[in-house]
Amino acid sequence: SRTANAFRELRTKILQTTRGKNCSILVTSTSRSSGSSFVAKNLAVAFSFDESMTALLMDCNLANPSHDELLSPDATLGLTDYLRSDDMSVEQIIHPVGIQRLRVIPTGGQMDITVEYFTSLKMRRLLRSIKERFADRYIIIDAPPIMESADTRILADVCDYAVLVVPYARATEAQVLKASKSIGAQKLIGVVFNDEPRVPTLPWMKKIQGGMNQVAAKRNNHGKAAQGK
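Residues numbered from 1 in each chain as written. Predicted model: local features only at pLDDT ≥ 70, side-chain atom pairs only at ≥ 80, totals over all residues. Heavy atoms only, no water.

**Points about the overall build of the chain**
Point 1. Along its length, the chain carries seven helices and seven strands.
Point 2. Starting at the N terminus, the α and β elements of the chain follow one another as α-β-α-β-α-β-β-α-β-α-β-α-β-α.
Point 3. Partitioning the contacts of the chain with sequence separation of at least 6, the portion at a separation of at least 24 is 79%.
Point 4. A total of about 13,200 Å² of accessible surface is found on the chain, and carbon and sulfur atoms cover 51% of it. (Helix = DSSP H or I, 4+ residues; strand = E, 2+ residues; numbered from the N terminus. Contact = heavy atoms within 4.5 Å. Areas by Shrake-Rupley, 256 points an atom, 1.4 Å probe, with all protein chains shown as cover.)

In structure tokens form, the structure reads like this:
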């Protein structure tokens, strides 16, 4: 489909930039309701569809988790539980889903809005350990809009790269530039325009396209006949 091909192309662009080396990729947006969680999830799926890779989708949108529906009811432990615990293993918060080679770390149940989870040294060690232990694993981090969340600006510093999601025709040039500068030129790997409208093919357009194809076919036939003589 058109959407699946778009995410395959995005995956290819990332691999070209990273030269095939696994990395952590932050997915953020210019504003709320931009579809960044949709992009993060499908980008992770695109990586997992390649048999030479695995993907880990990490939900860091603590105020608005978006990926719990992928998990079984038994998968209760997540990122905040791990960061608050002194004896929890990484394996306890990485959960399988219905897609092969894709794993998810949910936000978790223990949340305190006064705690700055992502500034901790443990968060940096978590990302580093996952990358080092699984050389074929790409970490996709779903984060809130960068201009509305201090957590995202912290994560942008921790991650290797970032993708900025812009809602089509619902963001100004100034907003895009400001969000890009907050990420930084060294980290920003690309911009995704989400929810671009698809122009419908009307019946009269199909007739015109069909007529043009017939004319092209006749020209090709005439050319072949002339060559034969």
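Having seen the model, we can carry on.
**Considering a nonpolar patch on the surface**
Point 1. The grouping of Tyr168, Val191 and Phe193 at the surface amounts to a nonpolar patch, some 280 Å² of accessible area in total.
Point 2. Turning to its location among the elements, Phe193 is positioned in strand 7 (residues 188–194).
Point 3. On the basis of relative accessibility, which here comes to 52%, the residue Phe193 falls in the exposed class. (Patch = residues over 30% accessible without salt bridge, like charges linked within 9 Å, V, L, I, M, F, W, Y side chains within 5 Å. Salt bridge = Lys/Arg side-chain N within 4 Å of Asp/Glu carboxyl O. Buried < 20%, exposed > 50% of the residue type's maximum accessible area, 1.4 Å probe, protein only.)

**Here's the deal with the sheet that holds strand 6 (residues 161–167)**
Sheet strands pair via backbone hydrogen bonds, and the direction of the pair is either parallel or antiparallel.
Point 1. With mixed pairing, the seven strands of this open sheet are ordered in space as 3-4-2-5-1-6-7. Every interior strand has two partners, whereas the edge strands, strand 3 (95–96) and strand 7, have only one.
Point 2. As paired elements, strand 3 and strand 4 (residues 102–105) share two bridges and run antiparallel to each other. By the bridge assignment, Pro96 is partnered in strand 4 with Arg103.
Point 3. In the packing of helix 2 (residues 36–48) onto the sheet, the strands contacted are strand 1 (24–29), strand 2 (54–59), strand 4, strand 5 (137–142), strand 6 and strand 7, and the crossing angle to strand 5 comes to about 170 degrees.
Point 4. Docked against the sheet, helix 6 (residues 173–183) engages strand 1, strand 6 and strand 7, running at close to 165 degrees with respect to strand 6. (Pairing = 2+ DSSP bridges. Axes fitted to C-alpha atoms, helices over the stretch in contact; angles between N-to-C directions.)

**A look at the packing of helix 1 (residues 2–18) against helix 2**
Point 1. In the contact formed by helix 1 and helix 2, the axes pass within 9 Å of each other and the chain directions differ by 75 degrees. Considered as vectors, helix 1 and helix 2 are oriented roughly perpendicular to each other. Contacts between helix 1 and helix 2 involve Thr3, Phe7, Leu10, Arg11, Ile14 and Leu15 from the former and Phe38, Val39, Asn42, Leu43, Ala46 and Phe47 from the latter.
Point 2. Tallied by class, the residues present in the contact of helix 1 with helix 2 amount to nine nonpolar, two polar and one charged. (Parallel < 35°, antiparallel > 145°, perpendicular 65-115°, else oblique. Nonpolar A, V, L, I, M, F, W, Y, C, P; charged D, E, K, R; others polar.)

**Remarks on the pairing of strand 6**
Looking along a regular strand, one sees side chains alternate from face to face of the sheet.
Point 1. Of all seven residues that make up strand 6, six are buried, and the element is covered over most of its length.
Point 2. As judged from the five bridges shared by strand 1 and strand 6, these two strands associate in the parallel manner. In the sheet register, Val27 faces strand 6, and the bridge partner there is Val163.
Point 3. Sheet topology note: the strand 6/strand 7 ladder contains six bridges and is parallel.

**Focus on the pattern of salt bridges**
Point 1. Evaluated as defined, the whole model comprises five salt bridges.
Point 2. With a shortest N-O distance of 3.1 Å, Asp157 and Arg124 are connected by a salt bridge. Placement of Asp157 in helix 5 (residues 150–158) and of Arg124 in helix 4 (residues 121–133) is noted, with a sequence separation of 33 residues between them.
Point 3. Looking at Arg124, the relative accessible area reads 35%, which means it is partly exposed.

**Quick look at the environment of Asp195**
Point 1. Topologically, Asp195 is positioned in the loop between strand 7 and helix 7 (203–228).
Point 2. Taking C-alpha positions, Asp195 is 9.1 Å from Ala169, a pair spaced 26 residues apart along the chain.
Point 3. Contacts of Asp195, omitting those with residues within four sequence positions, involve Tyr168 and Arg170.

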